Every structure is written in structure tokens, then in C-alpha cells.
Amino acid sequence: AFLSQPTPREIPANILRYADNFAPQLVIIIGIVFSIAGGGFAASFGYQALAGGKGMMGNMGMGALFGLFFLVGGSCIVYFAGRARIRIKRLLRDGRICPARIEKIDYTNVNFNDKAIYRMTVQFQAEGRITQASCKITGDAVPRAQKFVADKKPAPILYDPANSQRILFVDALLTVSSEYEP
């Protein structure tokens, strides 16, 4: 029912949880907290260092630099995790569905929340051009993708019409929440 909607689609909450597999909302919140705390420390220690007349090379100045470290680090976390989340939501909302041939499924040597992450490479035809792209899959989506390969059947994917290199394996959406599966 979700994929049969015209674009832009309204994304149900259980499918939106797919974004938490690769860009958890908690990571963005932690990044915001780091940024705010780091900015506060940098401003406080920087003001104390300059008001004390010792400049930024004293103990208070080093505290300001330490705060800036957290400000920059938190900002980077927010930027990269937020960008990934926005891209996934845009793909779910505006993506076009098409069949794709799975070329390979590789283990990435990365585990997140005790789940192995795999890279699935596919080839498909989008708007008259043959495109090769890859996406990350995890959990029950891996054996489902391997079954498509074994059966030599095309797998359904969503691709971003603005950038056909951004894809999503449709069967990965079925593994978002076990309470909705039969």
C-alpha cells in the first residue's frame, strides 16, 4: 500500500523506523547536546580567559579550546547523521520503484546494534539509462536479497530521481518491525 501511493508519499511510522537502522535519531540528539555543551564551555572559559587578562594560552584558554572541540565534533555528528536521515526520508517520500538485478552482496566488516551490515550492488534501468548503484542492507533483508540472487529474479528497489545512485532495497522495509509481519 505504501509504494502504490503517488509521490510525494506519506511515510508511515513503522516504515520511517527504517531510517533508524542507518541514521538513528539518538545520534543526532547526542550531537546537538555535544554542540550546545561545547559552545557553552567555549564561551564561558573564553570569556574567563580574556577577562582575567592572561589571554587564551592559560588554563582557561585551554578550556575554551576543549569546548570548541566538542562544538565542532557535535556539529559534524549532527550534519552527517542528519544528512543521511534526510536522504533516506526523501528516498522513501519521492523514490521511484523499479526492478533491479542484484550483482553482488558483500559483507562490509561493520556491525551496528549487533547486526552485520552488507553492501548490495545492483544494476537497473532508470529513465532510459542503465545504472549501477549500491545500498546497505542488514538483518532479514540479507537472506531475502540472497534469495533473489539464487532465484535469478529482479529485486524491487526505490531510486531517487534526483540522483539514481541513491537506492533502497524495498524488501528491507519489510524487516522494520516484526510486529507487522505475519
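Residues numbered from 1 in each chain as written. Predicted model: local features only at pLDDT ≥ 70, side-chain atom pairs only at ≥ 80, totals over all residues. Heavy atoms only, no water.

Undergrad: When you look at the sheet that holds strand β5 (residues 163-169) in this model, what are you seeing that I'm missing?
TA: Whether parallel or antiparallel, the strands of a sheet pair through hydrogen bonds between backbone atoms. Taken together, the 5 strands give an open sheet; going across it, the order is β3-β2-β1-β4-β5, and neighbouring strands pair in antiparallel fashion. Each having just a single partner strand, β3 (129-138) and β5 make up the two edges of the open sheet. Between one strand axis and the next, the sheet turns through 45° on average, direction left out of account. Bridge analysis of strand β4 (residues 155-160) against β5 gives 4 bridges, and the strand direction is antiparallel. Pairing of tyrosine 159 across the sheet is with isoleucine 167, part of β5. With respect to the sheet, helix α5 (residues 141-151) is in contact with β1 (96-112), β2 (115-126), β3, β4 and β5, its orientation differing from that of β1 by roughly 130°. (Pairing = 2+ DSSP bridges. Helix = DSSP H or I, 4+ residues; strand = E, 2+ residues; numbered from the N terminus. Axes fitted to C-alpha atoms, helices over the stretch in contact; angles between N-to-C directions. Contact = heavy atoms within 4.5 Å.)

Undergrad: Which parts of the structure should I look at to understand the nonpolar core?
TA: General note: in soluble globular proteins, nonpolar side chains tend to be found buried as a group. Membership of the largest hydrophobic core comes to 31 residues, with the highest contact counts inside it found for Leu92, Met120, Val122, Phe124, Ile137, Ile167 and Phe169. Apart from the residues lying within four places of it in its own chain, the contact partners of methionine 120 are Ile102, Lys104, Ile105, Ala133, Ser134, Cys135, Ile137, Ala145 and Phe169. (Core = buried A, V, L, I, M, F, W, Y, C linked by side-chain atoms within 4.5 Å. Buried < 20%, exposed > 50% of the residue type's maximum accessible area, 1.4 Å probe, protein only.)

Undergrad: Would you mind going over the packing of aromatic side chains with me for this structure?
TA: Throughout the structure, instances matching the rule amount to 8 aromatic pairs. On the basis of an interplanar angle of 75° and a centroid distance of 4.9 Å, the ring pair of tyrosine 79 and phenylalanine 80 is categorised as edge-to-face. Look at tyrosine 79 and you get partly exposed, because its relative accessible area is 48%. Centre to centre, the rings of phenylalanine 148 and phenylalanine 169 are 6.1 Å apart; their planes meet at 80°, and the pair counts as edge-to-face. You can see phenylalanine 148 sitting in helix α5 and its partner phenylalanine 169 sitting in strand β5, a full 21 residues away along the chain. With respect to class, phenylalanine 148 is no different from phenylalanine 169; both count as buried. Taken together, the ring pairs connect Phe34, Phe66, Phe69 and Phe70 into an aromatic cluster. (Phe/Tyr/Trp six-rings, centres within 6.5 Å; stacked < 30°, edge-to-face > 60°.)

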